[in-house]
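Listed below are the residues making up each chain.
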Amino acid sequence: AGALSLSLTAPLELLTVLAQVGTWHCRLGLRGAGRSLCRTEGVRALWKGNLTACLRLCPYSALQLAASRRLVTLFMDEMGHISHWRAIMAGSLAGMVATLVTYPTDVIKTRLIVQNRLEPAYEGIFHAFYKIYHQEGLRALYRGVSPAILGAVPFSAGSFFVYISLDKIWHEPIVRFTPLQNFINGCVAAAVAQTLSFPFETVKRKMQAQSPWLPHYGGVDVHFTGMADCFRQTVKNKGVLGLWSGLTPSLLKIVPYFGVMFSTFEFCKRVCLYRNGYIESPLNYKLTPGVDQSLHPQELRELKLLRKENFEPRKSALEN
């Protein structure tokens, strides 16, 4: 679902990155940038960097969700409850872990997007990794990681906080949400989180794209020496709203993606609960009668096996 969503919305991601970096295409507006790119580099240029994004998706999503669930479990009290602030902390830490591990692929994606497809500086993912490493060093693969980590805090915190707070809006517990409700919840959470974290995302893209080895320094519209200077120069030259350049295509891309991700995650969780015998159906959260919900799956299987052995009718001595 994630790979298909990324591929379908790749042109929106490309326009977002170009607007954040501030390349010359964006002076024409979003539609003008898309048309100009198609005329100069061809329609395929709208999908630059998409393969890298798809390859990055699996480890990033797996790390984020796995770390989040693990951290939520660690932060729960004895009754299995978790406060909003602990949930925010768990979501933020999970976002940081996933960002740090997969960050070099994000740098490569940005470089592939901003380069001219007809006169490429990089011929592919591995060539870009090799060339960046040998020309600019290992630190270049982590350029912009500071705003990425800082941005992961409001993004993860905002998305998870909104998501777990929506039960008050729907006036019913999360466990009773329908797939449509889960989709809407994911969309709202993503929209709020992306808006809050977007300035950090903009600075990160500028830092990733800027390189003395690329034509016009990667096409970045401001010159800076670091993260703080990038914030200052962007506000000075583009105004405060310049930190939110490209937000519209970003929301059009990320909102449905997170809606699909959250609803798929919740449904898969129900399937797992059903297959392990905790609930009666994967379509709802109705608990299986007589099943202790605190038992782990292996403990539940052992209990079922023990009950089955105890209640099986024994053969008489004559039958034996």
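Residues numbered from 1 in each chain as written. Predicted model: local features only at pLDDT ≥ 70, side-chain atom pairs only at ≥ 80, totals over all residues. Heavy atoms only, no water.

Just to check I follow, could you spell out the side chain of K253 for this structure?
Inspection of the secondary structure puts K253 in helix α11 (residues 247–275). Taking the relative accessible area as the measure of exposure, K253 reaches 11% and is therefore buried. (Helix = DSSP H or I, 4+ residues; strand = E, 2+ residues; numbered from the N terminus. Buried < 20%, exposed > 50% of the residue type's maximum accessible area, 1.4 Å probe, protein only.)

Honestly, the UniProt feature "transmembrane region" (unreviewed entry) in the protein in this entry has me stumped. Any pointers?
On the UniProt side, "transmembrane region" (unreviewed entry) is annotated at positions that read residues 84–103, 140–163 and 183–200 here. Strand forms 0% of residues 84–103 and helix 100%; the C-alpha atoms that close the span are 28 Å apart. Spanning residues 183–200, this segment combines 100% helix with 0% strand, and its end C-alpha atoms are found 26 Å apart. (UniProt positions renumbered as here; feature names shortened; annotations may be inferred.)

Looking at this structure, how should I read the packing of aromatic side chains?
Here a ring pair, both rings aromatic, is described through the centre-centre distance and the interplanar angle of the planes. Per the counting criterion, the structure on display carries 2 aromatic pairs. With a centroid separation of 6.0 Å and an interplanar angle of 20°, the aromatic rings of Y103 and Y142 are classed as stacked. Of this pair, Y103 sits in helix α5 (residues 84–114) while Y142 sits in the loop between α6 (125–136) and α7 (145–165), and the two are 39 residues apart along the sequence. Note on Y103: relative accessible area 1%, which makes it buried. Residue classification places Y142 among the partly exposed residues on the basis of a relative accessible area of 32%. (Phe/Tyr/Trp six-rings, centres within 6.5 Å; stacked < 30°, edge-to-face > 60°.)

Would you mind going over empty space enclosed by the protein with me for this structure?
Empty space among the atoms becomes visible once a probe the size of a water molecule is rolled across them. Overall, the coordinates contain 2 cavities of 30 Å³ or more when judged by the stated rule. What the largest cavity holds in volume is close to 660 Å³. In this structure, the largest cavity is lined by 34 residues; those nearest its centre are R56, Y60, E201, K204 and I254. When contributions to the lining of the largest cavity are tallied by element, the ones reaching two or more residues are α2 (10–21), α4 (50–75), α5, α7, α9 (179–209) and α11. Looking at which element gives the most residues to the lining of the largest cavity, the answer is α9, with 7 residues. A per-class count over the lining of the largest cavity returns 15 nonpolar, 11 polar and 8 charged. In this structure, the second largest cavity is lined by L6, A10, E13, K48, G49, N50, A53, K109, I113 and K253. Only α2, α4 and α5 provide two or more residues apiece to the lining of the second largest cavity. Split into classes, the residues belonging to the lining of the second largest cavity amount to 4 nonpolar, 2 polar and 4 charged. (1 Å grid on protein atoms, 1.4 Å probe; cavity = no way out; pocket = protein on both sides within 12 Å on 5 of 7 lines; lining within 4 Å. Points joined across faces, edges and corners; volume = space filled by probe spheres on them. Nonpolar A, V, L, I, M, F, W, Y, C, P; charged D, E, K, R; others polar.)

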